[in-house]
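Here is what each chain is made of, one letter per residue.
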Amino acid sequence: MHLPATSLAESTDDVLDFGYVDSPGNSFLDTLANNFDAAFLAVAAVLALGVLSVFFMILRNIKAARRAGMNPATMQTDLAAKVMNSGLLAPAPSKEARLAELDDLLVRSVISAAEHETARMEILGGR
């Protein structure tokens, strides 16, 4: 038995209709479901752009470190060692040590007696 074309089309529509009821409250979800491929590609593109940006920044920093004469693999340790050895973190010399150095400068005639007295007053005054 052969069905007419119109009844076949109607029966196909009945089979494909899963009972989906359009409700006005699901417009965002419907839009998201209809555009899932585009949304997925957009998210993937943003993630890929982020990874490429990080990779580019790493390469730029490596080149800058090499131009500055540093090894990028040991740069943090090298810089820490330079800071520790530079005296930047060393405690300030005591008043006794400063006065002794001042007296030594006077004995060697590097400073005058007036300069010695002015510096001595500054040290003892706590400046």
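See above for the structure.
Residues numbered from 1 in each chain as written. Predicted model: local features only at pLDDT ≥ 70, side-chain atom pairs only at ≥ 80, totals over all residues. Heavy atoms only, no water.

**Digging into the overall build of the protein**
Using the following cut-off: Labels follow the DSSP assignment, with helices taken as runs of H or I lasting at least four residues and strands as runs of E lasting at least two, numbered in each case from the N terminus. Residue burial is assigned from relative accessible area. The probe radius is 1.4 Å, only protein chains are included, and a residue is buried under 20% of its type maximum, exposed over 50%, and partly exposed in between. When checking whether two residues touch, look at their non-hydrogen atoms; a contact exists if any pair is within 4.5 Å. Accessible surface is estimated by sampling points in the Shrake-Rupley manner with a 1.4 Å probe; for residues, cover comes only from the protein chains shown.
Along the backbone of the protein there are six helices and zero strands. Written out in order from the N terminus, the α and β elements of the protein read α-α-α-α-α-α. In the protein, which comprises 127 residues, the share counted as buried stands at 6%. Put simply, 23% of the contacts in the protein that link residues at least 6 apart link residues at least 24 apart. Here the protein displays about 11,000 Å² of accessible surface, and carbon together with sulfur accounts for 66% of that area.

**As for the pattern of salt bridges**
As a working rule, side chains carrying opposite charge can pair if their charged atoms are close by. As a reminder of what qualifies: Every case where a carboxyl oxygen of Asp or Glu lies within 4 Å of a side-chain nitrogen of Lys or Arg is listed as a salt bridge.
Taken as a whole, this structure holds one salt bridge when the rule is applied. Residue D104 is joined to R108 by a salt bridge in which the shortest nitrogen-to-oxygen separation is 3.4 Å. The exposure class of D104 is partly exposed, given its relative accessible area of 38%. Looking at R108, the relative accessible area reads 52%, which means it is exposed.

**Some points on the side chain of H116**
Its place among the elements puts H116 in helix α6 (residues 113–124). Excluding anything up to four places from it in sequence, H116 contacts L102, D103, L106 and I111.

**Description of unusual backbone geometry**
The backbone phi angle of S109 is positive, close to 60°, even though this residue is not glycine. In this structure, S109 sits in the loop between α5 (95–107) and α6.

**Regarding the packing of α5 against α6**
Quick note on the threshold: Axis lines are fitted to C-alpha atoms, over the contacting stretch for helices. Their N-to-C directions set the angle, which ranges from 0 to 180 degrees. Any angle that is under 35 degrees is reported as roughly parallel, and any over 145 degrees as roughly antiparallel; angles of 65 to 115 degrees are reported as roughly perpendicular and all others as oblique. Residues are sorted three ways: Asp, Glu, Lys and Arg are charged, Ala, Val, Leu, Ile, Met, Phe, Trp, Tyr, Cys and Pro are nonpolar, and all the rest, Gly among them, are polar.
Relative to each other, α5 and α6 sit at 180°, their axes nearing to 10 Å. On the basis of their axis angle, the class for α5 and α6 is roughly antiparallel. Residues K95, R98, L99, L102, D103 and L106 of α5 pack against A113, H116, A119, R120, I123 and L124 of α6. Residue composition of the contact of α5 with α6, grouped by class: seven nonpolar, one polar and four charged.

**A short note on helix α3 (residues 36–67)**
An α-helical turn contains 3.6 residues, so any two residues separated by three or four positions project in the same direction. Stated formally: Multiply 1.5 Å by the residue count of a helix minus one, and that product is the helix's expected span.
The end-to-end C-alpha distance of α3, which contains 32 residues, comes to 47 Å, matching closely the 46 Å that a straight helix rising 1.5 Å per residue would cover. G69 lies just past α3 and shows a positive phi near 85°.

**Thoughts on a nonpolar patch on the surface**
Worth spelling out the cut-off: Patches in this entry comprise residues that are over 30% relatively accessible and not in a salt bridge; like charges within 9 Å are linked, as are nonpolar side chains (Val, Leu, Ile, Met, Phe, Trp, Tyr) within 5 Å.
Together, V54, F56, M57 and I58 make up an exposed nonpolar region whose accessible area comes to about 380 Å². Here I58 is to be found in helix α3. Judged by its relative accessible area of 44%, I58 falls in the partly exposed class.

**Describing the environment of I62**
Topologically, I62 is positioned in helix α3. Separated by eleven residues in sequence, I62 and A73 place their C-alpha atoms 8.8 Å apart.

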